[in-house]
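# Architecture at a glance
For reference, the chains in residue letters:
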Amino acid sequence: MNDNNVHVEGDVNISGERLKWDSQHTDLLTQQILADDARYFLHQSMSSPCLDVLQECNGCEIATVSGRTLLDFHGNNVHQAGYGNDYVVKRINEQLQKLPFSPRRYTNQPAVNLAKKLADLLPGDLNRSLFTPAGTSAIGMAIKLARVVTGKHKVISHWDSFHGASLDAISVGGESDFKKHMGPMMPGVIHIPPPDSYRNILGGNGHDPHTHADYLEYVIRKEGDIGAFIAETIRNTDVQVPSKAYWQRIREICDKYGVLLILDEIPIALGRTGKMFAFEHFDIEPDILCLGKGLGGGIIPFAAMVTRDKYNVAQDISLGHYTHEKSPLGSVAALATIEFLEKENIFEKVIQDGLWIKEELNHLKDKFPIIGDVRGIGLLWAIELVKDRETKEKASAEAEAFMYDCMRGGLSFKVSQGNVIQLSPALTVSRKELQKALSILALSLENF
Ligand SMILES: Cc1ncc(COP(=O)(O)O)c(C=O)c1O
């Protein structure tokens, strides 16, 4: 199979580069665990057969059973507070001794405290929460709520977006990799091109509110019966940061047509962009906000949907009904994570780190023609690799080889959309660790 054909999202575990990587595992324990993993798990893309075997994760790093240490600039976006954060671990341990689980129909103090904390943090009347163990089910609840509130089932979303792996989430998601062999999808989903400051799918300028946002209005008018528009405020995978004008225009359009704006901030809230919530950069408010990943402190699977007080209108049905809905452990993990980020004033640090990274990555861009674009915000950055800056042809095979090369050098990250190096370290990352990561990238770029 041609490697270029299989590169869409993430690294591919059947590619030539992966086979080369696998053949370099000399440690017997590693070989044995990888073989057992491959024997007993169902094989799937971006999972089994796996890359390596982990022994520990701490702060910004992961360590393998063979003793290799890597700076983890992927972390599945759960490591805002750093892996094994002492403050979070201590609070979870304390809760574990008191009330580890809360059965349905009962509540508990940590769950109520978290719902209240989110209401205090969020603007306006965004003060009604539902919790669930996974981001994908927060998305599902948001879609259901939008149907109940508006009486309309149609949803507009972006091509290339990712909103989770359940059938409803892959339906609104825009990546073909996740839909392959899965149809029929949920009816009533219409995809539109996302804002893209590098490739500008609709022409014009990806930051121009009168191209991509106006296209949304066009579809709403033509299609009719749209209940919701769902989007990542800032796309996590290949890192697209729309302009304030774009988001303000989207808010205006949603208000004009009675369409609920669902913002998916599952990977990017809680400080990754330098603000607690990414929408704060754009002076807008969503009607429904989905949170997850780092919400559980990188330890407990936990997610939330928060909406407006006036949308508390589904008393007679179950929007969620997830067994671990009011998880006391998830709730204290989330509270401790939020408290940690606040008390350390991580937001200011992330903004300063972001300014530094931007400069450093732009130096790399000046030096290495394979870099077509550098973009990002806070501690979420993308380096887009191209064969030619004029044609912008994706350098996908090179991106994958680059990823393995950097892993050999001690830096782990994910490749998105085939050719985009995505960098998202723990927010606690030190400047020294950032410098080390940048040196590994620079050294490896010499090979391409
Ligand atoms: C933007 C976005 N939404 C939703 C999800 C789904 O979250 P989970 O994996 O917890 O179901 C993800 C996970 O990667 C995500 O990146």
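These notes cover the structure that comes with them.

Cut-off values and rules
- Residues numbered from 1 in each chain as written.
- Predicted model: local features only at pLDDT ≥ 70, side-chain atom pairs only at ≥ 80, totals over all residues.
- Pairing = 2+ DSSP bridges.
- Helix = DSSP H or I, 4+ residues; strand = E, 2+ residues; numbered from the N terminus.
- Axes fitted to C-alpha atoms, helices over the stretch in contact; angles between N-to-C directions.
- Contact = placed C-beta atoms within 7 Å.
- Near = placed C-beta within 6 Å.
- Nonpolar A, V, L, I, M, F, W, Y, C, P; charged D, E, K, R; others polar.
- Core = buried A, V, L, I, M, F, W, Y, C linked by C-beta atoms within 7 Å.
- Buried ≥ 20, exposed ≤ 12 C-beta atoms within 10 Å, placed from the backbone.
- Domains from an automatic or database assignment.

### Some details on the sheet that holds strand E9 (residues 288-291)
Read from one edge to the other, the open sheet built from seven strands follows the order E4-E10-E9-E8-E7-E5-E6, with strand pairing classed as mixed. The two strands at the open ends of the sheet, each matched to only one other strand, are strand E4 (126-132) and strand E6 (189-192). In this sheet, adjacent strand axes meet at a mean angle of 20° when their direction is disregarded. Strand direction decides the pairing type here: E9 and strand E10 (residues 303-308), joined by four bridges, are antiparallel. For Leu-291, the partnering residue across the bridge sits in E10 and is Ala-304. With respect to the sheet, helix H10 (residues 244-257) is in contact with strand E7 (226-232) and strand E8 (260-264), its orientation differing from that of E8 by roughly 140°.

### Details of the environment of Val-189
Tracing the chain through its elements places Val-189 in strand E6. Residues Val-189 and Ile-226 lie 37 residues apart in sequence; the distance between their C-alpha atoms is 9.2 Å. Excluding its chain neighbours within four sequence positions, the residues that come into contact with Val-189 are Val-155, Ser-157, Ser-171 and Val-172.

### As for the site of the ligand
Near the ligand you find 15 residues, and of these Ala-134, Gly-135, Thr-136, Gly-164 and Ile-266 are the closest. Of the residues forming the shell around the ligand, the biggest block, three residues, is contributed by helix H6 (residues 135-150). By residue class, the composition of the shell around the ligand is six nonpolar, six polar and three charged.

### Some thoughts on the nonpolar core
Judged by nonpolar contacts, the single largest core of 114 residues is most densely connected at Ala-138, Ala-142, Phe-229, Ile-262, Cys-290, Ala-304 and Ile-421. Residue contributions to this core peak at nine residues, all from helix H11 (residues 328-343). Shared between two domains, this core takes at least three residues from each, and those domains are domain 1 (3-83 + 346-445) and domain 2 (86-343). Those residues in contact with Ile-421 that sit more than four places away from it in its chain are Ala-382, Ile-383, Leu-385, Ala-399, Phe-402, Phe-413 and Val-415.

Worth remembering: the numbers are spatial, not functional.
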